[in-house]
Each structure stands twice: as C-alpha cells, then as structure tokens.
Amino acid sequence: MSRIIVVTSGKGGVGKTTTTANLGMALAKRGRNVAVVDADFGLRNLDLLLGLENRIVYTAVEVLAGQCRLEQALVKDKRQPKLSLLPAAQNRMKDVVTADQMKQIVAQLVGKYDYIVIDSPAGIEMGFQNAIAAATEAIIVTTPEIAAVRDADRVVGLLEANGVKKINLIVNRIKPAMVEANDMMSVEDVQEILAVSLLGVIPDDERVIVSTNRGEPLVLADQPSVAGVAFDNIARRLEGEKVDFLDMRVPQENFFSRLRKRIFG
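In the annotation of an unreviewed UniProt entry, the entry for the protein chain reads Septum site-determining protein MinD, and the organism field reads Laspinema palackyanum D2a.

This is how it looks when you write it as structure tokens:
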C-alpha cells in the first residue's frame, strides 16, 4: 500500500523542498518506488533541487485538463530511476487546482509507488489545503526559531482537523554552538511546543546551498555531508528502522587544548 506523505510547515524558507528532494532520493536509493509531487503551483522549485528542470514537458495541470496522460507528465530521474517527479505549473496561480483534483491525481499514483511525497507551499491558504487533501501522513519541517515553530504549531492543528493524525517532525538548520550558548531553541524545546514525534534533526550545513544550486541532492554525494547522512537516517526511520540521532553537541576541548590556549593565547 502506498504511503502518502505531505511535507509542510506553514512558514516559508524552512527547508520543505530540500527535505522533499533529499527524502525522496534517499528512499529511492533504498529500492523504493517514489513519486515526489510539487504542489506549489505558480512557484515550483522541486524540479530545480532535483536538477530536472530541463526535462519537464507537461505538468499536473495538463494532466487534469486531459491534455496528456499522467505517465507523460512524470519525469523519471536518470541517476535514480526509482524516483519520479510530478511537476507543478509555474505560470498558473495556486487556485488553478482544487483539493478534489489533487486527490484525483494522487489516486492515480497509489499502487504504482511505495511513497508519494507531496511538497507543500508555504502558508495555510488554498495551496496548503490542496497539498494536504490526499495525505495520510505529514512531516512538519521547522527551524528552531520562535516564528517558524509557532507557524508549525498552527499547521499541526490544521492537519489534525483535516484527519491527518500521523505527524512527524524534522528540525532543520540546528546550530549546536548557538544552542549551547542559549541563543537558539534546542530540539527538545521545539518538541515540547509541538508535541509530535521527532523524525530527524538536520544540522546547519552550507553544502545544502551548493547542492541546491547544482540540482544534486545531498544524499547522492559519494561522501555525504553530515546533513546528507541525517537525511539518509530520516529515510531509514521512516521505514521503521531504529537509528540513533546524530550527536549535535559541541565537542569539548581537552586539557591540552585549553593549556595551549592559555600559554600561547
């Protein structure tokens, strides 16, 4: 049976699309058939992060209009053929698709894919309502900032009100040194406010920017960064494996390091 997961947050810029791209690719690497669906009509970005922007011919809008078959709109990734992208239309407004139409599209994917991962747009308006319409599970992505966490809390309530009860949390862009200095909320602080299960913690990593610009998800790197390993671990936990969370504590200086600093300044 297909698992239909919406990746959402409420606030923009917290890493939903990066999460969708890397999680989808990590699951495909594990041999699962994955369809990633860009539900951000008007502002699509998932194709860029996957490096598939030049291969798009049709979008979900053409499928709904009967101008092409669903199979024609799905873009298969050549690096990882078990992953397919259903792109959003970039030249249309968010209200071009209704919640019922989103359910209709997802229904056509069910049974053909092990995972259907839907990238939700920011906000809680029509685009968000469409993205969650067909979902049976949700992953909330937030950064450890009070505004992002407050928006995520609102989204948790909306998901539950719409019948999505299985909700997991990813805390993105955590900076251990700032947490240690009490300048940033800790993962525990975020968990306490949102009261949903923790699926993963992604450290702040500048290689995310490099991978985004190149259209190469972190999990495809020969030598994955810490963030890439964190995304791989999230995929494993999603599959039911028990995987320890990465140690995000700031390494303590040993006695000789402290002594050297005192002597040589």
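When you go through the protein chain residue by residue, the secondary structure sums to 12 helices and 8 strands. At 19 Å, the protein chain has a C-alpha radius of gyration in line with the 18 Å of a compact globule built from 265 residues. By its C-alpha atoms, the protein chain is 75 × 40 × 35 Å across when sized along the principal axes. Per-residue burial for the protein chain yields a buried fraction of 51% across its 265 residues. Considering only intrachain contacts with a sequence separation of at least 6, the fraction spanning at least 24 residues in the protein chain is 76%. With an accessible surface of roughly 13,100 Å², the protein chain has 49% of that area assigned to carbon and sulfur atoms. Where the 33 positive side-chain charges of the protein chain centre and where its 33 negative ones centre are 4 Å apart.

Along the chain, aspartate 232 turns up in helix α11 (residues 226-238). Not counting the four nearest positions on each side in its chain, aspartate 232 is found in contact with Ala26, Lys29 and Val219.

Our next topic: the sheet that holds strand β7 (residues 166-174). Reading across the sheet, the 8 strands line up as β3-β4-β2-β5-β1-β6-β7-β8 and stay open at both edges, with mixed pairing between neighbours. This sheet does not close on itself; its edge strands, each paired only once, are β3 (75-76) and β8 (197-203). As defined by bridge partners, strand β1 (residues 3-8) adjoins strand β6 (residues 137-142) across 4 bridges and the pair is classed as parallel. By the bridge assignment for β6, valine 6 is matched with alanine 138. Strands β1, β2 (34-38), β4 (83-86) and β5 (115-119) of the sheet are contacted by helix α5 (residues 99-109), whose axis makes an angle of about 150 degrees with β5.

Further remarks concern the side chain of threonine 20. Along the chain, threonine 20 falls in helix α1 (residues 16-29). The contact partners of threonine 20, leaving out residues within four places of it in the chain, are Val7, Val36, Leu46, Val117 and Asp119.

With that settled, consider the packing of aromatic side chains. Tallying each qualifying case throughout the model produces 0 aromatic pairs. The residue whose ring lies beneath arginine 237 is phenylalanine 245, and the NZ or CZ to ring-centre distance is 4.0 Å.

This structure, assessed with the given rule, holds 12 salt bridges. Note that arginine 3 and glutamate 137 form a salt bridge whose closest N and O atoms lie 2.8 Å from each other. Remark: glutamate 137 occurs in strand β6 and arginine 3 occurs in strand β1; sequence separation between them is 134 residues. Among the ionic pairs, lysine 175 bridges to aspartate 204, the shortest N-O distance being 3.9 Å. A residue pair is termed long-range when its members are at least 10 positions apart, and lysine 175 in the loop between β7 and α8 (176-180) and aspartate 204 in the loop between β8 and α10 (207-214) qualify at 29 residues. Judged by relative accessible area, which is 40%, aspartate 204 ranks as partly exposed. Overlapping salt bridges, with partners in common, bring together Arg30, Arg32, Arg236, Glu239 and Glu241 in one network.

The nonpolar side chains of a soluble globular protein tend to be buried with one another. If you look at the biggest cluster of nonpolar residues, it comprises 51 residues, and the most contacted ones within it are Ile118 and Leu159. Among the elements that line this core, the one with the most residues is helix α7 (residues 146-161), at 6 residues. If near-sequence neighbours (up to four positions away) are discounted, leucine 159 is found in contact with Val6, Thr8, Ile132, Ala138, Ile140, Val164 and Ile167. Listed in part, the 36 residues of the second largest apolar core include Ala28, Val34, Leu199 and Ile234.

The complete set of buried residues in α5 reads Met102, Ile105, Val106 and Leu109. One side of α5 holds all its buried residues, which, seen down the axis, span an arc of 95 degrees. Facing away from the buried side of α5 by over 90 degrees, the exposed positions are Asp100 and Ala107. One or two positions beyond α5, positive phi appears at glycine 111, with a value near 95 degrees.

Moving on, we come to the packing of α7 against helix α9 (residues 187-194). Where α7 contacts α9, the axes come no closer than 10 Å and their chain directions differ by 30 degrees. Relative to α9, α7 is oriented roughly parallel. Of the two possible hands of crossing, α7 and α9 adopt the one that is right-handed. Of α9, the residues touching α7 (which contributes Val149, Ala152 and Asp153) are Val190, Ile193 and Leu194. A class-by-class count of the residues in the contact of α7 with α9 yields 5 nonpolar, no polar and 1 charged.

Cut-offs used in this document
- Residues numbered from 1 in each chain as written.
- Predicted model: local features only at pLDDT ≥ 70, side-chain atom pairs only at ≥ 80, totals over all residues.
- Heavy atoms only, no water.
- Helix = DSSP H or I, 4+ residues; strand = E, 2+ residues; numbered from the N terminus.
- Rg over C-alpha atoms; globule rule 2.2 N^0.38 Å.
- Buried < 20%, exposed > 50% of the residue type's maximum accessible area, 1.4 Å probe, protein only.
- Contact = heavy atoms within 4.5 Å.
- Areas by Shrake-Rupley, 256 points an atom, 1.4 Å probe, with all protein chains shown as cover.
- Lys, Arg positive; Asp, Glu negative; His and termini not counted.
- Charge placed at Lys NZ, Arg CZ, Asp CG, Glu CD.
- Pairing = 2+ DSSP bridges.
- Axes fitted to C-alpha atoms, helices over the stretch in contact; angles between N-to-C directions.
- Phe/Tyr/Trp six-rings, centres within 6.5 Å; stacked < 30°, edge-to-face > 60°.
- Lys NZ or Arg CZ within 6 Å of the ring centre and 35° of its normal.
- Salt bridge = Lys/Arg side-chain N within 4 Å of Asp/Glu carboxyl O.
- Core = buried A, V, L, I, M, F, W, Y, C linked by side-chain atoms within 4.5 Å.
- Arc of directions from axis to C-beta.
- Parallel < 35°, antiparallel > 145°, perpendicular 65-115°, else oblique.
- Left-handed = near helix turned anticlockwise from the far one by under 90°.
- Nonpolar A, V, L, I, M, F, W, Y, C, P; charged D, E, K, R; others polar.

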